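So you can see what is in the structure, the chains are spelled out below.
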Amino acid sequence: RPRAPPARGATRGFARKRARLDEYNTHDAPLRRSVWRKAKVDGEGFYPYKFEDMTPPEVTETVHLASKLHVASPEFWRRAAFAVGDVASALAPKQLATCCHAFGAARWRDEALVSVLAP
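This structure is a prediction, so every number in the text was calculated from the model and none was measured. (Residues numbered from 1 in each chain as written. Predicted model: local features only at pLDDT ≥ 70, side-chain atom pairs only at ≥ 80, totals over all residues. Heavy atoms only, no water.)

K.L.:
Explain the packing of aromatic side chains to me, please; I cannot follow it from the model alone.
P.N.:
Here the distance between the centres and the angle between the planes together describe a pair of aromatic rings. Under the defined criterion, the tally for this structure stands at three aromatic pairs. Pairing Phe51 with Phe76 gives two aromatic rings, centres 5.7 Å apart and planes at 45 degrees, and the pair type is tilted. Pair noted here: Phe51 is in the loop between α2 (33–39) and α3 (56–68) and Phe76 is in helix α4 (residues 74–87), with a separation of 25 residues, a long-range link. An identical accessibility class is assigned to Phe51 and Phe76; each is buried. Look at Phe76 and Trp77: their rings are 5.2 Å apart centre to centre, the planes differ by 85 degrees, and that puts the pair in the edge-to-face class. Residues Phe76 and Trp77 agree in their burial class; the two are buried. Among the aromatic residues, ring-to-ring pairing joins Phe51, Phe76, Trp77 and Phe103 into one connected group. (Phe/Tyr/Trp six-rings, centres within 6.5 Å; stacked < 30°, edge-to-face > 60°. Helix = DSSP H or I, 4+ residues; strand = E, 2+ residues; numbered from the N terminus. Buried < 20%, exposed > 50% of the residue type's maximum accessible area, 1.4 Å probe, protein only.)

Below, the structure is given as structure tokens:
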């Protein structure tokens, strides 16, 4: 038996527009190849020099990359917390959110860092 034509405005299942992902979903996504290449340039790794010499965007990128690489060293996260606290006033809102997400993903709890980030 012949099917009735679809109603006007109805779309077929495979042609539906996908839901747009939240910006936070990109934080949980795996690292892209370009990020890996950048992290491995000249064998320096993702933490090529001290936090004190990094700019606020570099601090953010380093902390985010460390959370993606599942760095477990408490000493690294302690230094990262101090560095983020030092540059907190210079961070853009997106960078601040990225840092907060990285510390949460690493399960790093630091009351001093929270008081600096949210005075």
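Read on, since the account is not over.
K.L.:
Is there a simple way to think about the nonpolar core in this case?
P.N.:
Looking at soluble globular proteins, one finds that nonpolar side chains tend to be buried together. Of all hydrophobic cores here, the largest spans 19 residues; its most connected members are Phe51, Val59, Val63, Trp77, Ala80, Val84 and Phe103. Counting only elements with at least two residues in this core, the list comes to α3, α4, α5 (93–105) and α6 (111–117). Looking at which element gives the most residues to this core, the answer is α4, with seven residues. Contact partners of Phe51, with chain neighbours within four places excluded, come to Val59, Thr62, Val63, Phe76, Arg79, Ala80 and Ala83. (Core = buried A, V, L, I, M, F, W, Y, C linked by side-chain atoms within 4.5 Å. Contact = heavy atoms within 4.5 Å.)

K.L.:
How do you make sense of the packing of α3 against α4 when you look at a structure like this?
P.N.:
When two helices pack together, their arrangement is given by the angle between their axes and by how far apart the axes lie. Taken N-terminus to C-terminus, the directions of α3 and α4 make an angle of 150 degrees; their axes are 10 Å apart at the nearest point. Comparing their axes, α4 and α3 come out roughly antiparallel. Between α3 and α4 lies a crossing whose hand is left-handed. Here α3 contributes Pro56, Val59, Thr62, Val63, Ala66 and Ser67 to the contact with α4, which in turn contributes Phe76, Trp77, Ala80, Ala83, Val84 and Val87. Of the residues contributing to the contact of α3 with α4, the split by class is ten nonpolar, two polar and no charged. (Axes fitted to C-alpha atoms, helices over the stretch in contact; angles between N-to-C directions. Parallel < 35°, antiparallel > 145°, perpendicular 65-115°, else oblique. Left-handed = near helix turned anticlockwise from the far one by under 90°. Nonpolar A, V, L, I, M, F, W, Y, C, P; charged D, E, K, R; others polar.)

All quantities given are derived from atomic positions and should not be read as evidence of function.
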